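Analysis of the macromolecular model
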Amino acid sequence: MLSSAESELLMTIRAVLLCASCESKTVVRTQVGHRDKQEHAFKCPNCGIDISYVLDLDQKNVSWSFREPHNAKWVESEEGAIGVRTFSDELMIPADLQDPWSPFILTFRNFRDIDVYRHDETVRNMFVEHGWARCERLMVHFENANFDLFDKEAGPPETQEAPTVVSRLEALGAYMEGAFDGFTLNTEGSYSRVAQRIALVRSGSATLFGDLAQSYLRSGKIAALWRQIRDVRGAMVRNYPALQPLLQMSYWHREHQDLSKFLLSDKRFDALRQVYIDCFETLCRLTVIVVGVETIIHHASLEIPTKKGSMTLEDFEAMPNGLKTGIIDKYPISDLFSPVIDTKLRNGIGHNSAHYEPKTDEVICYETKDATTVTRTLPYTEFCDRVLKLFAAFELAERYRLALHMEAGGALK
Ligand SMILES: [Zn+2]
């Protein structure tokens, strides 16, 4: 049986947009979600200009209204319409969706437990709306050593002991880790493996780990990473609506999780491309700490043994990212990081001509090889999946950085 909330969700609003340039009509079907406002955009199927519209929703009174669209106008008649587009800001759209079926009707049975999804989604949305701004305030106070304001913002401590710089960093780090866990597909198992590596390096070789922390502090890398991580997480929060339907798929029964059968209704390639690139670069820098921890555990040294002798962690950091996986693969945590370090995709996405192709729903990337340019395509849904997987690995790697930062006494310089 459907609850009343689900019954409301069955609603799709049907309306017709007339392109401001070529006067083609497109029928837009908007699946009503839970937000106060839904924004959707697409390219005119005839002339390719960007058309977008906003739907305002009054969830309490179950009423709605459209704003004036961008590059189009609302018209009454569907006669002569050249296409039908279905939009949802919460749900994946079945690739073979037939008008008039609604995405909700076709996907809600896919959930393992829709209440678990609803709970998690509410937590994520609260974090996007309020939690992240609080984290940003806490980070500013921490950076400025403004601990009175930090403590006021953080609220009453959990223990009786007076907070220290390290305990504040730990509390803030744990709060953010807990919140961002919800944005990843990481399993409990991956987190406990990382926690085990950190426990091992702390208990077995505290001196070397302390040396590594001091060298990161002296070189300014602790502060640089602190900023980069804040930027990547902030970008994830801002761009969450572009990925949310895909994350929802992870709450489905496994047999339904077939990326080739579902589409994201809104394509936000330009924004997500930057998220991908920044996350990739930061993850590669974080893998230096990951490898550092492993060299300490395995070789009781800050140098990585190689065929010709050894290399320092600085040498490793300076290596092209494409070669780094060769080193990471020597260690038992490689499956957590190497699979997402796809340098070819990173460079292809970073190429200035990379773009989204609406006709095929693909991302078009370019690869330069011996003065010739090779094209590579990737379905848009799969590209978004890569962004989520990369972010998941980034969150695992960030735990190493937090441990190192605590080892450095919480100092930023
Ligand atoms: Zn047009």
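Thresholds, definitions, all that
- Residues numbered from 1 in each chain as written.
- Predicted model: local features only at pLDDT ≥ 70, side-chain atom pairs only at ≥ 80, totals over all residues.
- Pairing = 2+ DSSP bridges.
- Helix = DSSP H or I, 4+ residues; strand = E, 2+ residues; numbered from the N terminus.
- Axes fitted to C-alpha atoms, helices over the stretch in contact; angles between N-to-C directions.
- Expected span 1.5 Å × (residues − 1).
- Contact = placed C-beta atoms within 7 Å.
- Buried ≥ 20, exposed ≤ 12 C-beta atoms within 10 Å, placed from the backbone.
- pLDDT = per-residue confidence, 0-100.
- Domains from an automatic or database assignment.

The strand order across the open sheet built from 4 strands is β6-β1-β2-β7, with neighbouring strands paired in mixed fashion. Edge positions in the sheet fall to β6 (72-75) and β7 (83-87), since each has one partner strand and no second. Across the sheet, the mean angle from the axis of one strand to that of its neighbour is 35°, orientation sign disregarded. Note: strand β1 (residues 12-19) against strand β2 (residues 25-31), 7 bridges, orientation antiparallel. Bridging from a neighbouring strand, Ile13 pairs with Thr30 of β2.

As a further point, take the pairing of strand β10 (residues 303-306). As paired strands, β10 and strand β11 (residues 309-312) are joined by 4 bridges and run antiparallel to one another. Opposite Glu303, over in β11, you have Thr312 as the bridge partner. Once β10 ends, the chain turns through 2 residues before running back antiparallel as β11.

Right, let's talk about helix α6 (residues 188-204) for a bit. An ideal rise of 1.5 Å per residue puts 24 Å on 17 residues; α6 measures up with 24 Å between its terminal C-alpha atoms. Tucked into the core, α6 has its buried residues touching α7 (206-218), α10 (269-299) and α15 (380-407).

On to the pairing of strand β3 (residues 37-43), then. Of the two faces of β3, only one is covered, namely that formed by Gln38, His40 and Phe42; the face formed by Lys37, Glu39, Ala41 and Lys43 stays uncovered. For β3 and strand β4 (residues 50-58), the ladder comprises 7 bridges, and the chain directions are antiparallel. When the sheet's bridge partners are listed, Ala41 is paired in β4 with Ser52. Joining the antiparallel neighbours β3 and β4 is a turn of 6 residues, in which Gly48 adopts a positive phi near 90°.

The next point concerns the confidence of the model for the chain. Looking at the chain, the pLDDT average stands at 93 and 98% of residues meet or exceed 70. Mean pLDDT values for the elements of the chain range from 50 in helix α1 (residues 4-9) up to 98 in β6. Counting contacts from residues 1-6, a segment whose pLDDT is below 50, to residues more than four positions away or on other chains yields 2 contacts.

This paragraph deals with the domain arrangement of the chain. Parsing the chain into structural domains produces domain 1 (4-110) and domain 2 (190-407). Relative placement of domain 1 and domain 2: their C-alpha centres are 35 Å apart. Listed per partner, the contact involves 14 residues of domain 1 and 16 residues of domain 2. For the side of domain 1 that touches domain 2, the secondary structure elements donating two or more residues are β3, β7 and β8 (93-94). At 3 residues, β3 tops the list of elements feeding residues into the side of domain 1 that touches domain 2.

Another point: unusual backbone geometry. Phi at Asp361 takes a positive value of approximately 55°, unusual for a residue other than glycine. Tracing the sequence through the fold places Asp361 in the loop between β12 (355-357) and β13 (362-369). One non-glycine residue, Ala371, adopts positive backbone phi at about 65°.

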